[in-house]
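Summary of the model geometry
Chain by chain, the residues:
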Amino acid sequence: MADKEPEQVERDKKYDRPKRRVRAAWPWLQLSYTTRVTISFALISVMTTLVAFGVLSYVWGQHFQEYTRDNMERTAESTAAAIAEKYDEAKRWSPDVLSPATTAAGINRNVGIQVVDANGTVRYDNYPDRDKRSSLAPTNKSRMVSAPIIVNDEEIGSVNVWVYGSDTMLTQADREYRDGSYRAMLVAMALAILISIGLGILFARGLVDPVNRMTRTAKAIKEGDLSARTGLTGEDEVSRLGETFDAMADAIEKDRMMERRLTTDVAHELRTPLMAIQATIEAIVDGVFEPDEERLGTIDSEVQRLSRLVDALLKLSRLENRKIPMNKTRLDLGELLTDIIGTHEAYVRESGLDLIFEAEEGVEVFGDADMLRQATANLISNAVRYTPEGSITVRVARGETMASISVADTGIGLTPEECKMVFSRFWRGDAGRNRAQGGLGIGLSVVKEIVDRHNGWVRVEGEKGVGATFTIFIPLYDENRANARERGKNNRKERD
């Protein structure tokens, strides 16, 4: 802990404390993801089954009992109508008149039927209490249904119907069906829980396995195996995440390879001037060479070469880290590049090349003049380096929304594969060729960073052995946008 920076210590405390509190307060979070998903599926199944169980109980408790009571009422009414018809013919009570009650009682042994005349005398009862010589019909009228026996608009009696041994008008078959339904629901609940647990495990594993693969891959990359990949493919979100992860790993591996190449290239580039400086100084110290103008000029040339290399690396680093502030103003690209052409014309002609400059009038942008000069100078220098003979053409043009600066050469050109890689950091298509020409693949990276900071983009087109054209695109100056930007600055100053 003592070896860490104070800021690092604070970050460790910041991110460690909440984790300890969560683990202490939520034991649920200590379970594996598979376990949590499985338990969640089982709970959902239990809740769904309980809801269904409750609905069924409500149906049995309310609607089904009403349905059975309606059936009893229909039985009582049909029996009373049949008895009334027979009584109207016989004009007295007789076994034949009561036969409809006997028939109805024979259909269901659990149903009690009683026929009572107008005087209250029981004419028929299929459930008499023979020991006490009385009826077993319930005394509570709510537990039975009655239907009057009407003959010639006169009530001569009534038919009472009830379910023997039941307070709810449910027959034995109804109760058995209800109890069987409850048991079936319990069995269904158990099966649903088991199925949910199985599905939860399969679902969680299907989701967790790709995540675990990405975790193992990330750990392998962390430990130095940059070739590790998840190998995930597909159209779902997790598969796309795995493909993006692999693409990121490819980019990391590519950057790491480029950085290793940079280390080698820088070492070679630094070694040559350093050895030249060291050899010259040692020869002067040993008296082999005189410290004359020629020897000192050699040392100065090599020192300047080292300085340019270090400056290029430092500038790229600052651009990438946004450490170089931008001083954006309204610029006319034609006028801006006229100065660049003037300073580079002699350099280009000394290389045996022709420099052609074409610019449309009034092409204005909002940008940093020094950065745009640097980007254009880098493109011209790059063109000179790889153009043995011919010409270099610099053009400034206006589009609908973008201004463009193009630098075209008649040099060795680029293959389509090299066009894709040319702006990558530290990229060198042909290490031996680049070193012979004195390039490190840094200048074009600087160009891309500058253009990115101007909200533009850079494009390269080329053909091997024919030449290459690099084009910078930057948004044209917009008066309304500039005024809005200025008002925003003023508002921020007023708030400050």
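Look a little higher up for the structure.
The text that follows walks through the structure, step by step, so that each part is easy to find. Position numbers for residues count from 1 along each chain, tracking the sequence in the order it is written. Where local features are concerned, this predicted model is filtered to residues with pLDDT of at least 70; where side-chain atom pairs are given and counted, the filter is 80 or more; whole-chain, interface and lining totals use all residues. Side-chain calculation: all heavy atoms of the structure are included, whereas hydrogens and water are not.

**Considerations on the overall build of the protein chain**
Secondary structure summary: the protein chain contains twelve helices and 13 strands in total. Contacts were defined at the residue level, with two residues in contact if any of their heavy atoms lie within 4.5 Å. Sequence-distant contacts in the protein chain: of pairs separated by 6 or more residues, those separated by 24 or more amount to 65%. We get accessible surface area from the Shrake-Rupley algorithm with a probe of 1.4 Å; when it comes to residues, only the shown protein chains can shield them. Within the structure as shown, the protein chain displays about 30,200 Å² of accessible surface, and the carbon and sulfur contribution to it stands at 53%. Every helix listed is a DSSP run of H or I at least four residues long, and every strand listed is a run of E at least two residues long, numbered separately from the N terminus.

**Some words on helix α8 (residues 369–385)**
The span expected for a helix works out to 1.5 Å for each residue beyond the first. Relative to the 24 Å expected for 17 residues at 1.5 Å per residue, α8 spans 24 Å between its end C-alpha atoms, a close match to the ideal helical length. Three exposure classes are used, based on accessible area relative to the maximum for each residue type with a 1.4 Å probe and protein chains only: buried under 20%, partly exposed in between, and exposed over 50%. In terms of burial, α8 is largely enclosed, as 13 of its 17 residues are buried.

**Brief notes about the pattern of salt bridges**
Salt bridges are identified by distance alone: a Lys or Arg side-chain nitrogen within 4 Å of an Asp or Glu carboxyl oxygen. With the rule as written, the count across this model stands at twelve salt bridges. Between Glu358 and Arg395 there is a salt bridge, and its shortest N-O distance comes to 2.9 Å. In this pair, Glu358 is assigned in strand β8 (residues 353–359) and Arg395 in strand β10 (residues 390–398), connecting sequence segments 37 residues apart. Residue Arg459 is joined to Glu461 by a salt bridge in which the shortest nitrogen-to-oxygen separation is 4.0 Å. The exposure class assigned to Arg459 is partly exposed, which follows from its relative accessible area of 38%.

**Some words on the sheet that holds strand β5 (residues 145–151)**
A strand pair is defined by DSSP finding two or more bridges across the two strands. Spatial strand order, β2-β1-β6-β5: four strands in an open sheet with antiparallel pairing. Where the open sheet ends on each side, the last strands, each with one partner, are β2 (122–125) and β5. This sheet shows a mean twist of 20 degrees between the axes of neighbouring strands, independent of strand direction. Angles run from 0 to 180 degrees between N-to-C directions of axes, and those axes are lines fitted to C-alpha atoms, restricted for helices to the stretch in contact. Lying over the sheet, helix α3 (residues 99–107) contacts β1 (111–117) and β2, oriented at roughly 165 degrees with respect to β1.

**Regarding helix α7 (residues 333–350)**
Over its 18 residues, α7 runs 26 Å from end to end, which matches the ideal 26 Å to within 8%, given 1.5 Å per residue. By the burial criterion, the buried members of α7 are Leu333, Gly334, Leu336, Leu337, Ile340, Ile341, His344 and Val348. The elements touched by buried residues of α7 are β7 (328–332), β8, β9 (364–368), α8, β10 and β11 (402–409). Counted as a polar contact is a pair of N or O atoms within 3.5 Å, where, for protein atoms, one must be capable of donating a hydrogen and the other of accepting one, and residues adjacent in sequence contribute only when both atoms are in side chains. Where α7 starts, the residue carrying a side-chain oxygen 3.0 Å from the main-chain nitrogen of Gly334 turns out to be Asp332.

**Points about the pairing of β1**
Counting buried residues in β1 gives seven out of seven residues, a clear majority hidden from the surface. Because side chains alternate across β1, one face comprises the buried residues Val111, Ile113, Val115 and Asp117, and the other comprises Gly112, Gln114 and Val116, equally buried. Both β1 and strand β6 (residues 154–163) contribute to a ladder of seven bridges, which runs antiparallel. The partner of Ile113 across the bridge, within β6, is Val161. Direction of pairing for β1 relative to β2: antiparallel, over a ladder of three bridges. Counterpart to Val116 in the pairing with β2 is Val122.

**A look at the environment of Thr38**
In this fold, Thr38 is placed in helix α2 (residues 33–90). Its relative accessible area of 11% is what places Thr38 among the buried residues. For the pair Thr38 and Gly200, spaced 162 residues apart in sequence, the C-alpha separation works out to 4.3 Å. The residues touching Thr38, leaving out its near neighbours within four places in the chain, are Ile197, Gly200 and Ile201.

**Examining the packing of α7 against α8**
Packing of α7 against α8 brings their axes to within 10 Å, and their N-to-C directions diverge by 35 degrees. By crossing handedness, the relation of α7 to α8 is classed as right-handed. Of the residues in α8, those in contact with Leu333, Leu336, Leu337, Ile340, Ile341, His344, Tyr347 and Val348 of α7 are Ala369, Leu372, Arg373, Thr376, Ala377, Ile380, Ser381 and Val384. The residue classification treats Ala, Val, Leu, Ile, Met, Phe, Trp, Tyr, Cys and Pro as nonpolar and Asp, Glu, Lys and Arg as charged. All others, Gly included, are polar. Along the lines of polarity and charge, the residues of the contact of α7 with α8 split into twelve nonpolar, three polar and one charged. Left-handed is the label given to a crossing in which the near helix is rotated counterclockwise from the far helix by less than a right angle, and right-handed is the label when the rotation is clockwise.

**What about the sheet that holds β11?**
Pairing in this open sheet of five strands is mixed, and the strands run β8-β10-β11-β13-β12 from one edge to the other. The open sheet has two edge strands with one neighbour each: β8 and β12 (457–463). Strand-to-strand twist across the sheet, computed as the mean angle between neighbouring axes with direction ignored, equals 10 degrees. In terms of strand pairing, β12 meets strand β13 (residues 467–475) through seven bridges, oriented antiparallel.

**Description of the environment of Glu73**
One can find Glu73 in helix α2. Judged by its relative accessible area of 33%, Glu73 falls in the partly exposed class. C-alpha of Glu73 to C-alpha of Ser146: the two residues are 73 residues apart in sequence and 7.1 Å apart in space.

**Digging into the side chain of Thr376**
Looking at the secondary structure, you find Thr376 in helix α8. Look past the residues within four positions of Thr376 in its chain and what remains in contact with it is Leu337, Ile340 and Ile405.

**A closer look at the nonpolar core**
Here is a general trend for soluble globular proteins: nonpolar side chains tend to be buried in one another's company. Side-chain atoms within 4.5 Å are what join buried Ala, Val, Leu, Ile, Met, Phe, Trp, Tyr and Cys residues into a set we call a nonpolar core. Ranked by internal contacts, the top residues of the largest apolar core, which has 42 residues, are Leu333, Ile380, Ile392, Phe470 and Ile472. Broken down by secondary-structure element, the contributors of at least two residues to this core are α7, β8, α8, β10, β11, α11 (443–453), β12 and β13. One finds Met72, Tyr124, Ala147 and Val151 within the second-largest nonpolar core, a separate group that totals 24 residues.

**Notes on a nonpolar patch on the surface**
Patch construction takes residues with relative accessible area above 30% that form no salt bridge. Like charges are linked within 9 Å, and nonpolar side chains (Val, Leu, Ile, Met, Phe, Trp, Tyr) are linked within 5 Å. A cluster of nonpolar residues, Val187, Leu191, Leu194, Ile195, Leu199 and Leu202, forms a patch on the protein surface that exposes about 620 Å² of accessible area. Structurally, Ile195 can be placed in helix α4 (residues 172–222). Using a relative accessible area of 54% as the deciding quantity, one classes Ile195 as exposed.

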